[in-house]
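Read off the chains here:
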Amino acid sequence: DTAVSQTPKYLVTQMGNDKSIKCEQNLGHDTMYWYKQDSKKFLKIMFSYNNKELIINETVPNRFSPKSPDKAHLNLHINSLELGDSAVYFCASSQSGQGFGEKLFFGSGTQLSVL
Amino acid sequence: QQQVKQSPQSLIVQKGGIPIINCAYENTAFDYFPWYQQFPGKGPALLIAIRPDVSEKKEGRFTISFNKSAKQFSLHIMDSQPGDSATYFCAARAGGGSEKLVFGKGTKLTVNP
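Residues numbered from 1 in each chain as written. Chains lettered and ligands numbered in written order. Predicted model: local features only at pLDDT ≥ 70, side-chain atom pairs only at ≥ 80, totals over all residues. Heavy atoms only, no water.

**Describing the overall build of chain B**
Put simply, the rule is: The way it works is that DSSP assigns letters per residue, a run of H or I at least four long becomes a helix, a run of E at least two long becomes a strand, and they are numbered from the N terminus. This radius of gyration counts C-alpha atoms alone. The globule rule is 2.2 Å times how many residues there are, raised to the power 0.38. Residue burial is assigned from relative accessible area. The probe radius is 1.4 Å, only protein chains are included, and a residue is buried under 20% of its type maximum, exposed over 50%, and partly exposed in between. In what follows, a contact means two residues having at least one pair of non-hydrogen atoms within 4.5 Å.
The helix and strand tally for chain B stands at zero helices and 11 strands. For chain B, the N- to C-terminal ordering of α and β elements is β-β-β-β-β-β-β-β-β-β-β. For chain B, whose C-alpha radius of gyration is 14 Å, the value lies close to the compact-globule estimate of 13 Å for 113 residues. Overall, chain B is about 45 × 30 × 20 Å in size when its C-alpha atoms are taken along their principal axes. Every one of the 113 residues in chain B was classed for burial, and the buried ones make up 45%. Across chain B, the fraction of contacts at a sequence separation of at least 24, relative to all contacts at a separation of at least 6, is 53%.

Right under this line is the structure:
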């Protein structure tokens, strides 16, 4: 069983389209994240949710909207896609609390290509 | 502004060599320093981590050295193998309940047979 699974693995779309990436974790964790990895492999946090509540919201364009229907799911919707949005998007999860919150479990990524 | 500076960007060693990857930070509020390993097409996975109250941590062939006064830490891979070829990221997290990990820019390690 995959611990953190995200779909789709590849997403190719035209500029201006709206797309969503879904993420689910079966680890029982209470915190989930979206990270963006650019073409130079730089990993940057975008959002974090704890028990469905947004706790980290980096300076991300408001075209990006995360949604957490429950603590096992965190989806990412992107409106009006731009060329610069092309990247690999990683979902991750962790368990908050002393001694827990540090270890992130990452999904295998969604490679988004905007043409 | 990059909070964790990682070097080198890439590294090539022969099998059995000891690659060393270095990271430096400025924020003294950081209290947790993990290293993540990423293979092509996969997400990063936690390799080893250290807190600033110890100067060294070893797990198998992987060792973190930590210099609190210099605000630097490094990853050493003993007896490196071709299977260690991957991208390695150092990271840091501020204390006080923050869940935010800040990553270095990564080091692509190639271990030749």
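**Some details on the side chain of A:S68**
Residue and element names in this part refer to chain A. Just so we agree on the cut-off: In the analysis that follows, any N or O atom pair within 3.5 Å is treated as a polar contact, provided that within protein one partner can donate a hydrogen and the other can accept it, and provided that, for residues neighboring in sequence, both atoms belong to side chains.
Here S68 shows up in strand 7 (residues 64–70). Of the residues examined, S68 reaches a relative accessible area of 14% and is grouped as buried. Only 3.0 Å separates the side chain of S68 from the backbone oxygen of D70, close enough to count as a polar contact. Looking at S68, its side chain comes within polar contact range of the main-chain oxygen of H73, at 2.9 Å. Discounting chain neighbours no more than four positions away, the residues touching S68 are Y49, K52, H73 and L74.

**Considering the layout of surface pockets**
Empty space among the atoms becomes visible once a probe the size of a water molecule is rolled across them. All names here are of chain A. In plain terms, the rule: Only protein atoms enter the 1 Å grid, on which a cavity is a set of points fitting a 1.4 Å probe that cannot get out and a pocket is an open set with protein on both sides within 12 Å along at least 5 of 7 lines, lining residues being those with an atom within 4 Å of a point. Grid points are joined across faces, edges and corners, and a volume is the space filled by probe spheres set on the points. Residues are grouped as follows: Ala, Val, Leu, Ile, Met, Phe, Trp, Tyr, Cys and Pro are nonpolar; Asp, Glu, Lys and Arg are charged; all remaining types, including Gly, are polar.
By volume, the largest pocket is sized at about 320 Å³. Lining the largest pocket are 21 residues; nearest its centre among them are Q37, K41, V88, F90 and Q111. By residue class, the composition of the lining of the largest pocket is seven nonpolar, 10 polar and four charged.

**Structural notes on the pairing of strand 8 (residues 73–78) of chain A**
Residues and elements named next belong to chain A. The test is simple: By definition, two strands form a pair when at least two bridges between them are found by DSSP.
A one-sided burial pattern is seen for strand 8, the buried positions being L74, L76 and I78 and the unburied ones H73, N75 and H77. By the bridge criterion, four bridges tie strand 3 (residues 19–25) to strand 8 in an arrangement that is antiparallel. Counted as the bridge partner of S20 is H77 from strand 8. Taken together, the five bridges between strand 7 and strand 8 define a ladder with antiparallel strand orientation. Within strand 8, the residue paired with K67 across the bridge is N75. Adjacent in sequence and paired antiparallel, strand 7 and strand 8 are bridged by two residues.

**Section: the state of the cysteines**
Selection criterion: Disulfide assignment relies on a single distance test, namely cysteine sulfur atoms paired within 2.5 Å.
A complete count under the given rule lists two disulfides over all chains for this structure. Two residues share a disulfide in this structure: A:C23 and A:C91, whose sulfurs sit 1.8 Å from each other. The S-S bond linking A:C23 to A:C91 shows a torsion near -80°; that makes this disulfide left-handed. Pair noted here: A:C23 is in strand 3 and A:C91 is in strand 9 (residues 87–94), with a separation of 68 residues, a long-range link. Each member of the pair, A:C23 as well as A:C91, is classed as buried. Each disulfide pairs two cysteine sulfurs, and for B:C23 the partner residue is B:C90, the sulfurs being separated by 1.9 Å. Sign of the S-S torsion, about -95° for the bond between B:C23 and B:C90, identifies this disulfide as left-handed. Of this pair, B:C23 sits in strand 3 (residues 20–25) while B:C90 sits in strand 9 (residues 86–94); the two residues are 67 residues apart in sequence, bridging distant segments of the chain.

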